[in-house]
Amino acid sequence: MFNDLTMAATRCISPSVSMHACPSSKFMGSAVPQKPSTTQTQRGLLHVNTSPQSSILTTTSLKIKEGERRKEEVGEVQEKTRRALRRDLDPMTAMKFIDSLQWLGVAYHYEEEIDFWLGKLSEWDACEDLNATALRFRLLRQNGRPVCSDVFQKFTTVGNRKFRKCLSQDKEGLWNLYEASYLGAKGEDILSEAMRFSESELRLSVGGTLPQYLSRRVRRALELPRHLRMERLENRLYIHDYSAQINHSPLLLEHALSDYNQIQLLYQTELAEISRWWKQLGLVEKLSFARDRPMECFLWTVGILPEPKYSGVRIELAKTIAILLVIDDIFDTYGTIDELSLFMHAIQRWDLEAIDGLPEYMKICYMALYNTTNEIAYKVLKDHGRNVLPFLAKTWIDTIEAFMTEAEWFSNGCIPCVEDYLENGVTTSGAYMALVHAFFLMGQGVTPHNINFMSKPYPKLFSNSGRILRLWDDLGTSKEEEARGDNASIMTLLMKEKNMGSGVEAGDYIAMQLIPSLWKDLNVELLSSNTLPLTLIRACLNMCRTSQVIYQHQEDSYLSSVDRFVNFLLWEPICNSELMLC
């Protein structure tokens, strides 16, 4: 799904000079990582080839003046956009405007104005307009505003509650209905029926007389609806789509393009800092068996928290994921069962004196984890005034204990049931660890009540998103795991427990039934009175979206998929010439 879209967008990139020069995707100085080449060697490790490359990120007076001029231009566009949002627009115009801002990736500049409009839309009745009703529902629900799915009852027949056939003439309304239906929660049968009806009608329309702009959107929605798409990737693809619209705003397009490229440069700066930290940490030099993938770790954080304001959070979160991969390798491929038991007990003590009885390679990993966690706890204390070290340490202890459970299963020849494997797998995937760290690093909604959710039993929000991550992980790495002789995956367990005939059947069951059901559970969080902040809920949803993008790579290997998205999102800027060619 994403592969085709990404390749199509990538083919549009032109090396020619644009009206405005593209921001460089490279840095000056050897300490900064260069654009990676796709190489894959022993145990699938991702290695980065660095070669001398020129950079346009200079400090010449010409560049400074150009930057100041562009900053003034963007400021003017932002002010015009704010004024437009403050005008007394008709609701449909306002909704389409807000929707475009969000998918162009610039809505974070206008949070106050958008929040004002969402409040007005909560009180507005779209009457018998399917398109307006569906778009209003989607905007309100995806932004955490209460909205009842019963608003769609008026479009159904009285007897059987099926959507009226005459609605099939409203193609844009059907598209918005289809997109809205994916925000449905369990028990919202009207949205399940909306999904079935709109999908059926839209598939009949594809290849027909749909306007070109709508045809593109319908095809992409049928491939994967917006609610399941990785936000940053969708921003890039939507900029291309928006540029092809006849009635697009050139100023808004330029705003989105400039903003996208500036954020990409911010990502590159963050990646440089992570790479320096990783090199100074020296884990992979001492532990030759461990994975060396700082860029992959950072890609996950961009998917989970793409907004510029979370720059510091991304950096710290990437550090935890990098260390998690090393610990995973210790448990999965290197440590003996006795050594692993020693390591677990040392982590449980969370005391530097506990490392004395560990093998040398474990001492190095223990120190890296201990020091990094303490540094993150200090950062939270400094930024938000809370001592969260006990919670950060405890989530790491939970993770190591889950790794030990898996190791004991393998050592004893034990085959767990699907439920036990999946619940334990959520912990070993790092979902709980990452989300607890993200919660405290973001610092929003950190109340005494919410803090209680940051240890076992973790909230359903965490476990459901972690299950989706675990399932996509198993689906996406099954070939690599099988090549290493690891048969303990959800597919093999499902085949045995449910008498399935093949891994393909098990994979289809996961993708078509288990994961959609978990998404409905997650959507409950958007309509409940949960006290957890919307920013954390969005981070959980984004983790699920990112896992699908990265792991649903069809015929590609996992690492080639990761490498492609790293290049696409972190290194390749958008140029004006690229949009003109599209």
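Residues numbered from 1 in each chain as written. Predicted model: local features only at pLDDT ≥ 70, side-chain atom pairs only at ≥ 80, totals over all residues. Heavy atoms only, no water.

- Naming follows an unreviewed UniProt entry, where the chain appears as Terpene synthase 11 of Sesamum angolense.

**Remarks on the environment of Lys319**
Link 1 in the chain: Inspection of the secondary structure puts Lys319 in helix 13 (residues 311-334).
Link 2 in the chain: Take Lys319: its relative accessible area is 9%, and that puts it in the buried class.
Link 3 in the chain: Remark: the alpha-carbon pair of Lys319 and Ser275, spanning 44 residues in sequence, is separated by 9.7 Å.
Link 4 in the chain: Non-local contacts of Lys319, meaning those with residues more than four positions away in its chain, are made with Trp277 and Thr372. (Helix = DSSP H or I, 4+ residues; strand = E, 2+ residues; numbered from the N terminus. Buried < 20%, exposed > 50% of the residue type's maximum accessible area, 1.4 Å probe, protein only. Contact = heavy atoms within 4.5 Å.)

**Notes on the pattern of salt bridges**
Link 1 in the chain: Overall, the coordinates contain 32 salt bridges when judged by the stated rule.
Link 2 in the chain: Its salt-bridge partner being Glu316, residue Lys319 comes within 3.5 Å of it at the nearest N-O pair. In this pair, Lys319 and Glu316 both sit in helix 13, three residues apart, roughly one turn of the helix. Each member of the pair, Lys319 together with Glu316, is buried. (Salt bridge = Lys/Arg side-chain N within 4 Å of Asp/Glu carboxyl O.)

**Digging into the packing of aromatic side chains**
Any aromatic ring pair is given by two values, namely how distant the centres are and how the planes are angled relative to each other.
Link 1 in the chain: Applying the stated rule across the entire model yields 18 aromatic pairs.
Link 2 in the chain: When the ring of Phe163 is compared with that of Phe197, the centres are 5.6 Å apart and the planes differ by 10°; the resulting orientation is stacked. Of this pair, Phe163 sits in the loop between helix 5 (130-142) and helix 6 (171-181) while Phe197 sits in helix 7 (residues 189-205); the two residues are 34 residues apart in sequence, bridging distant segments of the chain.
Link 3 in the chain: You can call Phe163 buried: its relative accessible area is 6%.
Link 4 in the chain: Taking the relative accessible area as the measure of exposure, Phe197 reaches 5% and is therefore buried.
Link 5 in the chain: An angle of 65° between the planes, with centres 5.1 Å apart, marks the rings of Phe439 and Phe440 as edge-to-face. For the pair Phe439 and Phe440, a shared accessibility class is recorded, and that class is buried. (Phe/Tyr/Trp six-rings, centres within 6.5 Å; stacked < 30°, edge-to-face > 60°.)

**Comments concerning the packing of helix 20 (residues 460-476) against helix 24 (residues 534-551)**
Link 1 in the chain: Relative to each other, helix 20 and helix 24 sit at 5°, their axes nearing to 8 Å. With respect to each other, helix 20 and helix 24 are oriented roughly parallel. Of helix 24, the residues touching helix 20 (which contributes Leu461, Phe462, Ser465, Gly466, Ile468, Leu469, Trp472, Asp473 and Gly476) are Leu536, Ile537, Cys540, Met543, Cys544, Ser547, Gln548 and Tyr551.
Link 2 in the chain: Grouping the amino acids of the contact of helix 20 with helix 24 by side-chain chemistry returns eleven nonpolar, five polar and one charged. (Axes fitted to C-alpha atoms, helices over the stretch in contact; angles between N-to-C directions. Parallel < 35°, antiparallel > 145°, perpendicular 65-115°, else oblique. Nonpolar A, V, L, I, M, F, W, Y, C, P; charged D, E, K, R; others polar.)

**Notes on helix 7**
Link 1 in the chain: With 17 residues, helix 7 should reach 24 Å at 1.5 Å per residue; the first-to-last C-alpha distance of 24 Å fits that figure.
Link 2 in the chain: Where helix 7 is concerned, the buried positions are Ile190, Leu191, Glu193, Ala194, Phe197, Ser198, Glu201, Leu202 and Ser205. Mapping the buried residues of helix 7 onto a view down its axis gives an arc of 150°, with all of them on the same face. Those residues of helix 7 that are exposed and aimed more than 90 degrees away from the buried face are Asp189 and Leu204.
Link 3 in the chain: Gly207, located one to two residues past helix 7, shows a positive phi value of around 85°. (Expected span 1.5 Å × (residues − 1). Arc of directions from axis to C-beta.)

**Considering helix 20**
Link 1 in the chain: Compared with an ideal rise of 1.5 Å per residue, which puts 17 residues at 24 Å, helix 20 spans 24 Å between its outermost C-alpha atoms and is within 8% of the ideal.
Link 2 in the chain: Taking burial as the measure, the 17 residues of helix 20 include 16 buried ones, the bulk of the element.

**Let's talk about the nonpolar core**
Link 1 in the chain: Counting residues in each nonpolar core, the largest one holds 181 residues, and the members touching the most others are Phe152, Ile327, Phe331, Phe343, Phe440 and Phe462.
Link 2 in the chain: With 13 residues, the top contributor of residues to this core is helix 13.
Link 3 in the chain: When neighbours within four sequence positions are excluded, Ile327 is seen to be in contact with Phe343, Cys365, Leu369, Trp396, Ile400 and Phe403. (Core = buried A, V, L, I, M, F, W, Y, C linked by side-chain atoms within 4.5 Å.)

**Looking at the confidence of the model for the chain**
Link 1 in the chain: Counting all residues, the mean pLDDT for the chain is 85, and 84% of those residues have values of 70 or more.
Link 2 in the chain: Between the elements of the chain, mean pLDDT differs from a low of 32, seen in helix 1 (residues 2-11), to a high of 98, seen in helix 18 (residues 431-442).
Link 3 in the chain: Ignoring residues within four places in sequence, the model shows residues 1-60, a span with pLDDT below 50, making 140 contacts including any to other chains. (pLDDT = per-residue confidence, 0-100.)

**Details of the environment of Ile315**
Link 1 in the chain: Take Ile315: it is sitting in helix 13.
Link 2 in the chain: With relative accessibility at 7%, the residue Ile315 sits in the buried group.
Link 3 in the chain: Through-space distance from the C-alpha of Ile315 to that of Glu270 is 6.3 Å; in sequence the pair is 45 residues apart.
Link 4 in the chain: If near-sequence neighbours (up to four positions away) are discounted, Ile315 is found in contact with Glu270, Glu273 and Ile274.

**As for unusual backbone geometry**
Link 1 in the chain: Cis geometry marks the peptide bond from Lys456 to Pro457; its omega dihedral reads -10°.
Link 2 in the chain: Following the sequence through the fold, Pro457 ends up in the loop between helix 19 (448-451) and helix 20.
Link 3 in the chain: The phi angle at Cys127 is positive, at roughly 55°, despite the residue not being glycine.
Link 4 in the chain: For Cys127, a relative accessible area of 47% corresponds to the partly exposed category.
Link 5 in the chain: A positive phi is found at Trp350, a non-glycine position, where the angle reads about 45°.
Link 6 in the chain: Tracing the sequence through the fold places Trp350 in the loop between helix 14 (337-349) and helix 15 (360-384).

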